[in-house]
Amino acid sequence: MGQKKDLTGSEKSKIVRYLAEGCSSLKIAKLLKRDHRTIKRFIQNSQQGRKKRVEKPRRKITAHELRKVKRAAAKMPLATSLAIFQSCNITGVPKSTRCAILRDMAEVRKAERRPPLNKTHKLKRQDWAKKYLKTDFSKVLWTDEMRVSLDGPDGWARGWIGKGQRAPVQLRRQQGGGGVLVWAGIIKDELVGPFRVEDGVKLNSQSYCQFLEDTFFKQWYRKKSASFKKNMIFMQDNAPSHASKYSTAWLARKGIKEEKLMTWPPCSPDLNPIENLWSIIKCEIYKEGKQYTSLNSVWEAVVAAARNVDGEQIKTLTESMDGRLLSVLAKKGGYIGR
């Protein structure tokens, strides 16, 4: 009788039961129709118990090599541990040791997705920072749109799971589930909105202006005092529907023109504090790998999460603008941390 694949869990349970009944290994092999050597090997291993893991000593790294690794890690972002050590001509170091050494000086992260900045972009960002350096940012309304999907930013989530527990099942949609486009604004310590863009509507210049008319202007702006409207500065990014001649002329007819309409530098999501608000809301609605089965349910979650954002959180975001402008100037137009 030839040897077969490893014993299954069911077969192992039967072997234990047969041994308890006093059966010999030869008899068990015949009952299970397995090779006698396979049965004997399982019994011997079970009686000996699992061998303790012996920790092998790590390869010694000199202080000079450690400094070279640190410099290489700084110069080679997102490189593998092998590539970093090879660039330092350090060989013979196992992966576990390489990672243990790098954990003391670095961390594993994903690349940040940002539009590329060229020289012209950086100059415009610096000019923008200089222009608004003395602005009272408590009077600026920061606006933006955000799309939320049914499954979250990545469609999956990681997290710790206790031993013996099963991981929750994540829905997998063959054709995707679509999403909801949300618009909101923040000013001083107040949240404006959020407002939902009607499903299926593509925001061009005309639909964007009509959306602002039906939501922002009718439901919020017209309730404000004349002095507030006189001092408020409206900020929007350079999306085509925002920066078009049609939208600019339409906003001018609403009294939002010239110094009341903030100019915006290209490729600058890091300068808009409402981006941080979107992060807060997304962390809340997708916590613990949460998914949604309908567009209405994910929209309700956005509204609930926005309602839980208090005025102090919003004030912290809007008051961060002075620091952001100084950081842009210090980095000569480069990206800043948000």
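First things first, this report covers the structure right here in the doc. All residue numbers refer to position in the chain's written sequence, counted from 1. Given that the model is predicted, a residue must reach a pLDDT of at least 70 before its local features are reported, and side-chain atom pairs must reach 80 or more before they are shown or counted; all residues, however, enter totals for whole chains, interfaces and linings. Note that water and hydrogens are dropped before the side-chain values are worked out from all heavy atoms of the structure.

**With respect to the environment of D310**
Then comes step 1: Numbering goes from the N terminus for both helices and strands, where a helix is a DSSP run of H or I of at least four residues and a strand is a run of E of at least two. As for its position among the elements, D310 is in the loop between α13 (295-307) and α14 (311-318).
Then comes step 2: Here's how the labels work: a residue is buried when its accessible area is under 20% of the maximum for its type, exposed when over 50%, partly exposed in between, all with a 1.4 Å probe on protein chains only. Among the residues examined, D310 registers a relative accessible area of 40% and is labelled partly exposed.
Then comes step 3: Between the C-alpha atom of D310 and that of L191, which follows or precedes it by 119 residues, the distance is 8.7 Å.

**Concerning the packing of helix α8 (residues 205-219) against helix α11 (residues 245-253)**
Then comes step 1: Helix axes use the C-alpha atoms of the stretch in contact, all axes being lines fitted to C-alpha atoms, and the angles between their N-to-C directions lie in the range 0 to 180 degrees. Packing of α8 against α11 leaves a shortest axis separation of 8 Å and a crossing angle of 30 degrees. The orientation of α8 with respect to α11, classified from their angle, is roughly parallel. Crossing of α8 against α11: the hand is right-handed. Contacts between α8 and α11 involve S205, Q206, Y208, C209, L212, E213 and F217 on the former and, on the latter, Y246, S247, W250 and L251. To sort the angles, those under 35 degrees are grouped as roughly parallel, those over 145 as roughly antiparallel, those from 65 to 115 as roughly perpendicular, and the leftovers as oblique. Crossing handedness is defined as follows: a turn of the near helix away from the far one that is anticlockwise and smaller than a right angle gives a left-handed crossing, while the clockwise case is right-handed. Here, residues are in contact when the closest pair of their heavy atoms is within 4.5 Å.

**With respect to unusual backbone geometry**
Then comes step 1: A cis amide bond links G193 to the next residue, P194, at an omega of 5 degrees.
Then comes step 2: For P194, the location among the structural elements is in strand β3 (residues 190-196).
Then comes step 3: Within the chain, C267 stands out as a residue other than glycine whose phi angle is a positive 55 degrees.
Then comes step 4: Within the secondary structure, C267 is located in the loop between α11 and α12 (274-285).

**With respect to the sheet that holds strand β2 (residues 179-187)**
Then comes step 1: Reading across from one edge, β3-β2-β1-β4 is the order of the four strands in this open sheet, with mixed pairing throughout. Two strands lie at the open edges of the sheet, namely β3 and β4 (233-235), each paired on one side alone. Taking the axes of each pair of neighbouring strands and ignoring which way they run, one obtains an average angle of 20 degrees across the sheet.
Then comes step 2: Against the sheet, α13 touches β1 (140-149), β2 and β3, its axis set at about 175 degrees to β3. Here a strand pair is declared whenever DSSP counts at least two bridges between the two strands.

**Considering the packing of aromatic side chains**
Then comes step 1: Pairing of aromatic rings covers Phe, Tyr and Trp, the last through its six-membered ring, and needs centres within 6.5 Å; plane angles under 30 degrees mean stacked, over 60 mean edge-to-face, and all others mean tilted. The full count for this structure, using the stated rule, is 15 aromatic pairs.
Then comes step 2: Where F217 meets W250, the ring centres are 5.5 Å apart and the plane angle is 80 degrees; that geometry is what we call edge-to-face. Placement of the pair is F217 in helix α8 and W250 in helix α11, with a sequence separation of 33 residues. Taken as a pair, F217 and W250 share a single burial class, namely buried.
Then comes step 3: Among the aromatic residues, those joined into a cluster by ring pairs are W183, F195, F211, F216, F217, W220, Y221, F228, F234 and W250.
Then comes step 4: We note K229 situated over the ring of Y221; from NZ or CZ to the ring centre the distance is 5.2 Å. Note on criteria: charge over ring means Lys NZ or Arg CZ within 6 Å of the ring centre, with the direction from the centre no more than 35 degrees off the ring normal.

**Remarks on the pattern of salt bridges**
Then comes step 1: Whenever Lys or Arg places a side-chain nitrogen within 4 Å of a carboxyl oxygen from Asp or Glu, that contact is recorded as a salt bridge. Following the criterion strictly, the structure yields eight salt bridges and no others.
Then comes step 2: K254 is the partner of E213 in a salt bridge, and the nearest nitrogen-oxygen pair spans 2.4 Å. In this pair, E213 is assigned in helix α8 and K254 in the loop between α11 and α12, connecting sequence segments 41 residues apart.
Then comes step 3: By relative accessible area, E213 is classed as buried at 18%.
Then comes step 4: Close ionic contact of K287 with E284 constitutes a salt bridge, the shortest N to O distance being 3.3 Å.
Then comes step 5: Accessibility expressed as a relative area gives 46% for K287, which makes it partly exposed.

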